[in-house]
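Close look at the chain arrangement
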Amino acid sequence: MRKGLVILLCFSLIIALGCIRIFQQQLFYDPLLLFFESAYLYDASLPQLDFIKLIVHTGIRFWLNASISIVFILLLFRSSENFKILLLIYAATFILLLTAFALVLNSYTVELNLLLFYIRRFLIQPMLLLILIPAFYYQKLKSRA
């Protein structure tokens, strides 16, 4: 694939990730958005939420970000083996974090604010992309040597 086309596609994927973030309130059910903006500082209880709907929308958002991130990484580091590894990493992370998210929500206390915040952040934002790009780059450099 031509380098210019790869750059254009990567730029488009970054814009897609930005759009998910910009339109998050219209696209996803997440009563924790306002809670973590400031309410957690003044109120020790979680807002009223539909647990199943929150879990489903969090999962959808995770996989939407994951799909874009996987395509982005595959464009940068073209290898069929990378797809299998990325899918395994994202699936394992999803299962682990969504389980932890559900458990923390069910047993919430004010002491779990930061834990809930960071688990949720990894689920709803493309944090793995920022971790995996340097990892795949290092692997690419190492395989050349």
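These numbers come from a predicted model, not from an experiment.

Attention shifts here to the packing of aromatic side chains. Across all of its chains, the model carries 9 aromatic pairs by this definition. Ring centres 5.3 Å apart and planes at 65 degrees place the aromatic pair Phe-36 and Phe-117 in the edge-to-face group. Of this pair, Phe-36 sits in helix 3 (residues 32-42) while Phe-117 sits in helix 6 (residues 113-124), and the two are 81 residues apart along the sequence. Accessibility expressed as a relative area gives 19% for Phe-117, which makes it buried.

On to helix 6. Here helix 6 is 12 residues long and its end C-alpha atoms lie 16 Å apart, about the 16 Å a rise of 1.5 Å per residue gives. Residues Asn-113, Leu-116, Phe-117, Ile-119, Arg-120, Leu-123 and Ile-124 constitute the buried set of helix 6.

Okay, the confidence of the model for the protein chain next. Residues of the protein chain with pLDDT of at least 70 account for 95%, and the chain-wide mean is 91. Mean pLDDT per element in the protein chain: helix 3 is the minimum at 76, and helix 4 (residues 51-76) is the maximum at 96.

Time to look at the pattern of salt bridges. Applying the stated criterion across every chain yields a total of 1 salt bridge. A salt bridge links Arg-120 to Asp-30; its shortest N-O distance comes to 2.9 Å. Taken together, the positions of Arg-120 in helix 6 and Asp-30 in the loop between helix 2 (24-27) and helix 3 put the pair 90 residues apart, joining distant regions of the chain. For Asp-30, a relative accessible area of 12% gives the class buried.

Now for the environment of Ala-91. Inspection of the secondary structure puts Ala-91 in helix 5 (residues 80-106). Of the residues examined, Ala-91 reaches a relative accessible area of 28% and is grouped as partly exposed. Put simply, Ala-91 and Trp-63 are 28 residues apart on the chain and 9.2 Å apart in space, counted from C-alpha to C-alpha.

Below, the discussion takes up a nonpolar patch on the surface. Together, Leu-5, Leu-8 and Leu-9 make up an exposed nonpolar region whose accessible area comes to about 250 Å². As for its placement among the helices and strands, Leu-5 is situated in helix 1 (residues 3-22). For Leu-5, a relative accessible area of 40% gives the class partly exposed.

Counting residues in hydrophobic clusters, the biggest one holds 38 residues, and the most contacted among them are Tyr-90, Phe-101 and Leu-123. Setting aside chain neighbours within four positions, we find Phe-101 in contact with Leu-32, Leu-54, Ile-55, Thr-58, Leu-116, Ile-119, Arg-120 and Leu-123.

With 27 residues, helix 5 extends 40 Å from end C-alpha to end C-alpha; this agrees with the ideal 39 Å at 1.5 Å per step. Along helix 5, the residues that are buried comprise Asn-82, Leu-86, Tyr-90, Thr-93, Phe-94, Leu-97, Leu-98, Phe-101, Ala-102, Val-104 and Leu-105.

Enumeration over the complete set of coordinates arrives at 1 cavity of 30 Å³ or more. Its boundaries defined by the atoms lining it, the largest cavity holds a volume of some 50 Å³. What lines the largest cavity is Phe-62, Asn-65, Ala-66, Tyr-90, Phe-122, Leu-123, Gln-125, Pro-126, Met-127 and Leu-128.

So, on to the packing of helix 1 against helix 4. At a minimum axis distance of 10 Å, the contact between helix 1 and helix 4 shows a crossing angle of 165 degrees. Classed by the angle they form, the pair helix 1 and helix 4 counts as roughly antiparallel. The handedness of the crossing between helix 1 and helix 4 comes out as left-handed. Packed against helix 1, whose contacting residues are Val-6, Leu-9, Cys-10, Leu-13, Ile-14, Ala-16, Leu-17, Ile-20 and Arg-21, the element helix 4 presents Arg-61, Leu-64, Asn-65, Ile-68, Val-71, Phe-72, Leu-75 and Leu-76 at the interface. Taken together, the residues of the contact of helix 1 with helix 4 break down into 14 nonpolar, 1 polar and 2 charged.

Rules of the game
- Residues numbered from 1 in each chain as written.
- Predicted model: local features only at pLDDT ≥ 70, side-chain atom pairs only at ≥ 80, totals over all residues.
- Heavy atoms only, no water.
- Phe/Tyr/Trp six-rings, centres within 6.5 Å; stacked < 30°, edge-to-face > 60°.
- Helix = DSSP H or I, 4+ residues; strand = E, 2+ residues; numbered from the N terminus.
- Buried < 20%, exposed > 50% of the residue type's maximum accessible area, 1.4 Å probe, protein only.
- Expected span 1.5 Å × (residues − 1).
- pLDDT = per-residue confidence, 0-100.
- Salt bridge = Lys/Arg side-chain N within 4 Å of Asp/Glu carboxyl O.
- Patch = residues over 30% accessible without salt bridge, like charges linked within 9 Å, V, L, I, M, F, W, Y side chains within 5 Å.
- Areas by Shrake-Rupley, 256 points an atom, 1.4 Å probe, with all protein chains shown as cover.
- Core = buried A, V, L, I, M, F, W, Y, C linked by side-chain atoms within 4.5 Å.
- Contact = heavy atoms within 4.5 Å.
- 1 Å grid on protein atoms, 1.4 Å probe; cavity = no way out; pocket = protein on both sides within 12 Å on 5 of 7 lines; lining within 4 Å.
- Points joined across faces, edges and corners; volume = space filled by probe spheres on them.
- Axes fitted to C-alpha atoms, helices over the stretch in contact; angles between N-to-C directions.
- Parallel < 35°, antiparallel > 145°, perpendicular 65-115°, else oblique.
- Left-handed = near helix turned anticlockwise from the far one by under 90°.
- Nonpolar A, V, L, I, M, F, W, Y, C, P; charged D, E, K, R; others polar.

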